[in-house]
Amino acid sequence: LVAAGIAMAQLPIVVEKTQEVISDVGVDQIYTIGSAAQNYRVKNGKWPDEVHNCVGAIDELTTAGFIGGITNVSSWGTNFNIDCTGGTKFVVAADTTQQKMVEFAAAKLHSASITGTTVASTFAQSGTEAALKNVLFRDFNGDPARNTMKTDLYLGGNSIVGIKDLNSSKGITICTDKDPN
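Residues numbered from 1 in each chain as written. Predicted model: local features only at pLDDT ≥ 70, side-chain atom pairs only at ≥ 80, totals over all residues. Heavy atoms only, no water.

Novice: It is not clear to me how the overall build of the chain should be interpreted in this structure. Could you clarify?
Specialist: Helices and strands together make up the secondary structure of the chain, namely 4 helices and 4 strands. The helix and strand sequence of the chain, counted from the amino end, reads α-α-β-β-α-β-β-α. In the chain, which comprises 181 residues, the share counted as buried stands at 25%. Considering only contacts in the chain between residues 6 or more positions apart, those separated by 24 or more positions represent 55%. Of the roughly 12,000 Å² of accessible surface on the chain, a fraction of 55% belongs to carbon and sulfur atoms. (Helix = DSSP H or I, 4+ residues; strand = E, 2+ residues; numbered from the N terminus. Buried < 20%, exposed > 50% of the residue type's maximum accessible area, 1.4 Å probe, protein only. Contact = heavy atoms within 4.5 Å. Areas by Shrake-Rupley, 256 points an atom, 1.4 Å probe, with all protein chains shown as cover.)

Novice: I would appreciate a short explanation of the packing of aromatic side chains in the present structure.
Specialist: Centre distance and the angle of the planes are the two values used to describe a pair of aromatic rings. Overall, the coordinates contain 3 aromatic pairs when judged by the stated rule. Arranged with centres 5.3 Å apart and planes meeting at 65°, the rings of tyrosine 40 and phenylalanine 66 form a pair that is edge-to-face. Here the residue tyrosine 40 occupies a position in helix α1 (residues 2–44), and phenylalanine 66 occupies one in the loop between α2 (57–63) and β1 (80–83), the gap between them amounting to 26 residues. (Phe/Tyr/Trp six-rings, centres within 6.5 Å; stacked < 30°, edge-to-face > 60°.)

Novice: Looking at this structure, I do not really get the pairing of strand β4 (residues 118–124). What am I missing?
Specialist: In the case of a regular strand, side chains alternate between the two sheet surfaces. Inspection of the sheet shows strand β2 (residues 89–95) paired to β4 by 7 bridges, in the antiparallel sense. Residue valine 92 lies in a different strand from β4, and its bridge partner there is serine 121. Bridge analysis of strand β3 (residues 112–115) against β4 gives 4 bridges, and the strand direction is antiparallel. By the bridge assignment, serine 113 is partnered in β4 with alanine 120. Count of turn residues in the β3/β4 antiparallel hairpin: 2 residues, of which glycine 116 carries a positive phi of about 65°. (Pairing = 2+ DSSP bridges.)

Novice: I keep staring at the sheet that holds β2 and nothing clicks. Help me out?
Specialist: Strand pairing in a sheet is mediated by backbone hydrogen bonds. Such pairs are either parallel or antiparallel. The 4 strands lie next to each other as β1-β2-β4-β3, forming an open sheet whose pairing is antiparallel. Strand pairing shows two members of the sheet lacking a second neighbour, β1 and β3, which therefore form its edges. Averaged over all adjacent pairs, the angle separating strand axes in this sheet is 20°, with direction ignored. The sheet strands contacting helix α3 (residues 99–108) are β3 and β4, and the helix crosses β4 at an angle near 15°. (Axes fitted to C-alpha atoms, helices over the stretch in contact; angles between N-to-C directions.)

Novice: Teacher, can you tell me more about the pattern of salt bridges here?
Specialist: If the charged atoms of two oppositely charged side chains come close together, the side chains can form a pair. Within this structure, the stated rule accounts for 2 salt bridges. Across the pair lysine 108 and aspartate 24 runs a salt bridge whose closest N-O atoms are separated by 2.4 Å. Note that lysine 108 is positioned in helix α3 and aspartate 24 in helix α1, a separation of 84 residues in sequence. A relative accessible area of 36% means that lysine 108 is categorised as partly exposed. Where arginine 41 meets glutamate 50, a salt bridge forms, and the shortest distance between an N and an O atom there is 3.6 Å. The class for arginine 41 is buried, based on a relative accessible area of 8%. (Salt bridge = Lys/Arg side-chain N within 4 Å of Asp/Glu carboxyl O.)

Novice: Looking at this model, I keep getting lost on the pairing of β2. Mind explaining?
Specialist: Pairing geometry for β1 and β2, over 4 bridges, is antiparallel. Across the sheet, aspartate 83 pairs through a bridge with valine 91, a residue of β2. What sits between β1 and β2 in their antiparallel hairpin is a turn of 5 residues, with glycine 86 showing a positive phi close to 95°.

All we've got here are geometric facts, nothing functional implied.
Rendered as structure tokens:
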């Protein structure tokens, strides 16, 4: 009888700890999805499934190899709701089903917002994305603008080696001095 009384007294603590662990897993899932989406955007110049406001982002991130082991169902047993309307932000939300769990989750997420028992976290464009808009890429992802020069290229006396083709719309001038001006 005494043992039963002690067990009953401990039950609220066990329940709260279980809710916290479930919320920690959900927070990790949200961070994983958001970070993968930022990496996807840096590589592809758009959010995953942006054409559909990112509704199918988890599937696209999985197919493209950016995440693995995460489904559309959160640790709270509810579906993730993902949105990227407007193209500048990627929002991952999930209904935690209980007020205590939404509080646990919101306390651990950056840019968190709470609506009822739903927690959402907003992921912005990566800080490196703006810098990457002004570089030439070594690989081709289907977007010619990523490797289009918008100015003259001065090599400072260095060579271009291993050219397969050289094309010009205005003709080719070969200078033998080091200063092309």
